[in-house]
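If you want the building blocks of each chain, they are given just below.
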Amino acid sequence: MPADDRPSRLKKITQNFFFHIHSPVAHPESLKPTTTFGLGVILGCLFLILLVTGLLLMLYYTPSVERAYASVKDIVFVIKGGRYIRNLHRWAGHGMVIAALLHLLRVFYTGSYLKRRALNWNIGIAMLIITLLLSFSGYLLPWDQLAFWAVTIGSNIAASMRELTDVLGLTAVFDPGGLVKRLLIGDETVGQPALSRFYMLHVILLPLTLLVLMGWHFWRIRKDGGLARPAGTEVRSGHPRAGPPARSIKAEKEAPIKTKDLRVTTWPTVLWAELALLAACCAVLMALAFFFDAPLREQANPMLPENPAKSPWYFLGIQELVSYSAFTGGVLIPLLFLVFLVSLPFKDREDRYAGIWFSDAKGRRLSIYSGLYAFGLTSFLLFINIQFGWMSDWIAGVPRVVIIFFNPGTLIVTGYVLWSAVIRYRTGSDRHAAMALFTCAVVGFVLLTALGTWFRGPDWEFYWLKSWWPAH
Ligand code: HEM
């Protein structure tokens, strides 16, 4: 072989690595940008960027209550390029949460949990939870006011079970809420045990677990026969029944139809597409890091509560629900949604819809109607609550247990479930019912998150504008 034709060492190594992750062939349907929007690859790229920038930050960060804040200030103001690396890390972290949520939407709406993909769907859910925990655990590390009070709120949400055990008079003997909170922050309030735990979770345990799950996730895609794609995307070849002639016309009719193999090789097209996505992620993050600084407020002061104290944005929907009832908002509703997600591929087995955006024309229509319905119902109940208060404002002495099970949050969820049941009854389809419920949940999540982010001020009161907040 002439020297020029020999694959270079670098090419060999790249190819070897590439084929450890990718199948040598893929269906053109899977390579269409509108099938995945590249979200899974974007997630992988963001994770890589987080690992590199995180390792650099670790060189200077000190996880102690006395030194944490000062070490972050050193990174930002003293160490050359430190501010930029911190910004990159922060924006990539938010990007990963957003991309994971969008990837969940794409996988759901293309019915890609169908056709025996239940395991990979559930691996994905575990990865989503770990991504949220990774982001949340990183939130505390700068040890500024924002971090301290956001995590204080988060740890109180973790103890939400206490509302129910308090009502039942059980907390003194049975306190699972307190146990979860203690496991999380190691104390009754956020302090050194919490910082040590969060650091250990953030730099070792969660990234390693995510890395292992990622490997499993990618391997499962290959084991499941590549990405889900619509039935009938294969084209029958000119000679449908190749092989030895069938012994009778009936046998011929029943013989399996050979389909033309439309798959195309992945090397090097997919590699180029992935490198382009990596370059795009780097470019966007670099621009963000250049123009926007990650927040760093005053040093954490446990004696000076923030008002309002807000959790990270992706938990603000839950914080809003918790403001109605800690137990239903912090435990019951998130748990019910998780059960829905986990059990979805076992309940909905309408494989004919796998790989098709919104399943069919009916699915598209009912997703729009579900979105409008959820928007109307949720806005209406939020309006009532904001404008007129709730039961304890109307009737004196309403028992707490009534509020726990009868509040805007539980009414919203009941409305969603009833709607989904009606769709199930009308269409007879589990897939359509699941799409109705999922769409409602997405709209509810967006509305509650927007409310918590932009319209809640001191004492969790509603304000149209931040400039209307009372001075304190
Ligand atoms: C958080 C980190 C995650 C990473 C890095 C990741 C990565 C990927 C990649 C690279 C793909 C193939 C290409 C694509 O779909 O874009 C994929 C597919 C898939 N992901 Fe994820 N994913 C993550 C989270 C999730 C979540 C939250 C779910 C859903 C609960 C999920 C469920 C799936 C499923 C079922 C497939 C196969 C889709 C199909 O057959 O079409 N993944 N993922």
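Thresholds, definitions, all that
- Residues numbered from 1 in each chain as written.
- Predicted model: local features only at pLDDT ≥ 70, side-chain atom pairs only at ≥ 80, totals over all residues.
- Helix = DSSP H or I, 4+ residues; strand = E, 2+ residues; numbered from the N terminus.
- Buried ≥ 20, exposed ≤ 12 C-beta atoms within 10 Å, placed from the backbone.
- Domains from an automatic or database assignment.
- Nonpolar A, V, L, I, M, F, W, Y, C, P; charged D, E, K, R; others polar.
- Near = placed C-beta within 6 Å.
- Core = buried A, V, L, I, M, F, W, Y, C linked by C-beta atoms within 7 Å.
- Contact = placed C-beta atoms within 7 Å.
- Expected span 1.5 Å × (residues − 1).
- pLDDT = per-residue confidence, 0-100.
- Arc of directions from axis to C-beta.
- Axes fitted to C-alpha atoms, helices over the stretch in contact; angles between N-to-C directions.
- Parallel < 35°, antiparallel > 145°, perpendicular 65-115°, else oblique.
- Left-handed = near helix turned anticlockwise from the far one by under 90°.

A. Region of the structure containing the overall build of the protein chain. Counting its regular elements, the protein chain contains 20 helices and two strands. Seen through its principal axes, the protein chain has C-alpha atoms that stretch 85 × 65 × 45 Å. Split into buried and exposed, the 472 residues of the protein chain put 34% on the buried side.

B. Spotlight on the domain arrangement of the protein chain. Entries for the protein chain in the domain assignment read domain 1 (19-229 + 262-294) and domain 2 (320-465). For domain 1 versus domain 2, the distance between C-alpha centres works out to 25 Å. Mapped onto the side of domain 1 that touches domain 2, the elements with two or more residues apiece are helix H6 (82-109), helix H7 (118-140) and helix H9 (161-167). Of the residues contributing to the side of domain 1 that touches domain 2, the split by class is 13 nonpolar, five polar and four charged.

C. Region of interest: unusual backbone geometry. Looking along the chain, the bond that leaves Trp267 and enters Pro268 is cis, with omega of 0 degrees. Assignment of secondary structure puts Pro268 in the loop between strand E2 (264-265) and helix H13 (269-291). The phi dihedral of Arg116 falls on the positive side, at around 60 degrees, and the residue is not glycine. In this fold, Arg116 is placed in the loop between H6 and H7. With 15 C-beta atoms counted inside 10 Å, the residue Arg116 sits in the partly exposed group. Even without glycine at this site, Trp460 takes up a positive phi of about 60 degrees.

D. Inspection of the site of the ligand at higher detail. Lining the immediate environment of the ligand, one finds 25 residues, of which Thr36, Gly40, Leu43, Ser112 and Gly124 sit closest. Looking at side-chain class alone, the shell around the ligand contains 15 nonpolar, nine polar and one charged residues.

E. Region of interest: the nonpolar core. Membership of the largest hydrophobic core comes to 95 residues, with the highest contact counts inside it found for Leu46 and Ala147. It is helix H20 (residues 430-454) that provides the largest number of residues to this core, a total of ten residues. Residues from two domains meet in this core; each of domain 1 (19-229 + 262-294) and domain 2 (320-465) gives at least three. Look past the residues within four positions of Leu46 in its chain and what remains in contact with it is Ala92, Gly95, Met96, Ala99 and Cys281.

F. Representation of H6. Helix length check: H6, at 28 residues, gives a terminal C-alpha distance of 40 Å against a target of 40 Å (1.5 Å per residue), a fit within 8%. Just downstream of H6, Gly111 is the residue with a positive phi angle, here 60 degrees.

G. Structural context of the confidence of the model for the protein chain. Per-chain confidence: the protein chain averages 93 in pLDDT, with 92% of residues scoring 70 or above. Scored below 50 in pLDDT, residues 235-246 makes 19 contacts in the model with residues more than four places away or belonging to other chains.

H. Looking closely at helix H10 (residues 176-185). Along H10, the positions that sit buried rather than exposed are Gly177, Lys181, Leu184 and Ile185. Seen along its axis, H10 keeps its buried residues to an arc of 75 degrees; they face one direction. Along its buried surface, H10 packs onto helix H8 (145-158), H9 and helix H11 (192-223). Just downstream of H10, Gly186 is the residue with a positive phi angle, here 70 degrees.

I. The packing of H6 against H7, seen in detail. Where H6 meets H7, the axes come as close as 10 Å, and the angle between the chain directions of the two elements is 160 degrees. As judged from the angle between their axes, H6 and H7 are roughly antiparallel. Helix-helix and strand crossings are classified by hand; for H6 and H7 the assignment is left-handed. Contact with H6, carried on its side by Gly93, Met96, Val97, Ala100, Leu104 and Val107, involves Gly124, Leu128, Thr131, Leu132, Ser135 and Gly138 of H7 and no other residues of that element. Taken together, the residues that form the contact of H6 with H7 break down as seven nonpolar, five polar and no charged.

J. Broad picture of the environment of Leu114. In this fold, Leu114 is placed in the loop between H6 and H7. On a C-alpha basis, the gap between Leu114 and Pro345 in space is 6.2 Å, while along the polypeptide they are 231 residues apart. Setting aside its immediate chain neighbours within four residues, Leu114 contacts Ala228, Pro345, Glu350, Asp351, Tyr353 and Ala354.

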